[in-house]
Amino acid sequence: MAGEGLIHVQRTFRFMPARKPAAGSRRPAMRLCAAKKQRKPETRGAKRVRIRKEVKPLMAAWLRRIRKNVLARLAHTGNMYADPRRAGGRSLAGDCYVEAALAGDPRILLDTIVESICELQGVGREVEVEVQPTATTALPGTPEKVEEMRRRQERYQALHCDWDAKRS
């Protein structure tokens, strides 16, 4: 079918009264302008939560990634089962999502859960690397070791590391 990959965009226009024309002007009394989009009414409980500015950039990046890749995917899947007309496209296997959602096929939900778990595990590994402290050669009980533990506590890291120096 010709033009299958094209997206159809439609703009609606309405006539709006023009400003008063200057004396002796030949401007028309009406002008054509693009219709303003009407705001959708707020849905119950759909308040956008913003991340505070005090949150460290790396932490904010993890939270945005979870919100974008996990929560949005789960919400879309829930909406797909609620209104199958929202389901568009086909899976890699060629299954139509609309037909699967209409039939109540649980494979869509399973795919969403598996993808979400993989994304959360990836974020978890990154957080674990950040939280894991580096080994120190300071012996336990020394002022250097106490200072290192204070620094770890400030960085929200684990206080003890398996590779820290030990008394023999």
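Quantities reported herein were computed from a predicted structural model and do not represent experimental measurements.

Thresholds, definitions, all that
Residues numbered from 1 in each chain as written. Predicted model: local features only at pLDDT ≥ 70, side-chain atom pairs only at ≥ 80, totals over all residues. Heavy atoms only, no water. Helix = DSSP H or I, 4+ residues; strand = E, 2+ residues; numbered from the N terminus. Buried < 20%, exposed > 50% of the residue type's maximum accessible area, 1.4 Å probe, protein only. Contact = heavy atoms within 4.5 Å. Salt bridge = Lys/Arg side-chain N within 4 Å of Asp/Glu carboxyl O. Patch = residues over 30% accessible without salt bridge, like charges linked within 9 Å, V, L, I, M, F, W, Y side chains within 5 Å. Areas by Shrake-Rupley, 256 points an atom, 1.4 Å probe, with all protein chains shown as cover. Expected span 1.5 Å × (residues − 1). Axes fitted to C-alpha atoms, helices over the stretch in contact; angles between N-to-C directions. Parallel < 35°, antiparallel > 145°, perpendicular 65-115°, else oblique. Nonpolar A, V, L, I, M, F, W, Y, C, P; charged D, E, K, R; others polar. Arc of directions from axis to C-beta.

Q: Give a description of the overall build of the protein chain that names residues and reports values.
A: For the protein chain, the helix and strand inventory stands at 4 helices and 2 strands. Counting helices and strands in the order they occur from the N terminus, the protein chain gives β-β-α-α-α-α. The buried share of the protein chain, taken over its 168 residues, is 18%. Looking at the protein chain alone, contacts between residues at least 24 apart form 41% of all its contacts between residues at least 6 apart.

Q: Before we move on, could you go through the pattern of salt bridges and cite the residues and values that matter?
A: For the structure on display, the rule yields 13 salt bridges. The salt bridge partner of Arg73 is Glu115, with a shortest N-O separation of 3.2 Å. Note that Arg73 is positioned in helix α1 (residues 57-82) and Glu115 in helix α3 (residues 107-131), a separation of 42 residues in sequence. Overall, the relative accessible area of 25% leaves Arg73 in the partly exposed class. Judged by relative accessible area, Glu115 falls into the partly exposed class, the value being 42%. Each of Lys145, Glu147, Glu148, Arg150, Arg151, Arg152, Glu154, Arg155 and Asp164 takes part in a single network of salt bridges with overlapping partners.

Q: Residue-level account of unusual backbone geometry, with values.
A: Positive phi, close to 60°, is recorded for Tyr156, a residue that is not glycine. Residue placement: Tyr156 occurs in the segment after α4 (143-154).

Q: Kindly report on a nonpolar patch on the surface, identifying the contributing residues and their values.
A: Taken together, the side chains of Leu71, Leu74, Leu109, Ile113 and Ile117 define a hydrophobic patch exposed on the protein surface, amounting to about 400 Å² of accessible area. Those elements that provide at least two residues to the nonpolar patch are α1 and α3. Considering every element that reaches the nonpolar patch, the biggest residue donor is α3, with 3 residues. Tracing the backbone through its elements, the reader meets Leu109 in helix α3.

Q: How would you explain the environment of Ile117 if you had to name every residue and give the values?
A: The topology assignment puts Ile117 in helix α3. Along the chain, Ile117 and Val70 lie 47 residues apart, while their C-alpha atoms are 8.2 Å from each other.

Q: An account of the side chain of Thr112 is requested, with residue identities and associated values reported.
A: Relative to the assigned elements, Thr112 resides in helix α3. A relative accessible area of 6% places Thr112 in the buried class. Residue contacts for Thr112: discarding those within four places in its chain leaves Arg73, Leu74 and Thr77.

Q: Give me the lowdown on α3, citing residues and values where you can.
A: An ideal rise of 1.5 Å per residue puts 36 Å on 25 residues; α3 measures up with 36 Å between its terminal C-alpha atoms. Where α3 is buried, its residues touch α1 and α2 (97-103).

Q: Please provide a residue-by-residue account of the packing of α1 against α3, values included.
A: For the pair α1 and α3, the least separation of the axes is 10 Å and the interaxial angle reads 170°. Classified by the interaxial angle, the pair formed by α1 and α3 is roughly antiparallel. Residues Leu58, Trp62, Arg65, Ile66, Asn69, Val70, Arg73, Leu74, Thr77, Met80 and Tyr81 of α1 form the contact with α3, whose own contacting residues are Ile108, Leu109, Thr112, Glu115, Ser116, Glu119, Leu120, Gly122, Val123, Glu126, Val127 and Glu130. Along the lines of polarity and charge, the residues of the contact of α1 with α3 split into 12 nonpolar, 5 polar and 6 charged.

Q: Tell me what's going on with α4, and back it up with residues and numbers.
A: Taking 1.5 Å per residue as the helical rise, α4 with its 12 residues ought to reach 16 Å, and the 17 Å between its terminal C-alpha atoms agrees with that figure. For α4, the set of buried residues is Lys145, Glu148 and Arg152. On an axial view of α4, the arc spanned by its buried residues comes to 60°, and they lie on one face. Opposite the buried face of α4, by more than 90 degrees, sit the exposed residues Pro143 and Val146.

The analysis is restricted to geometry; functional conclusions fall outside its scope.
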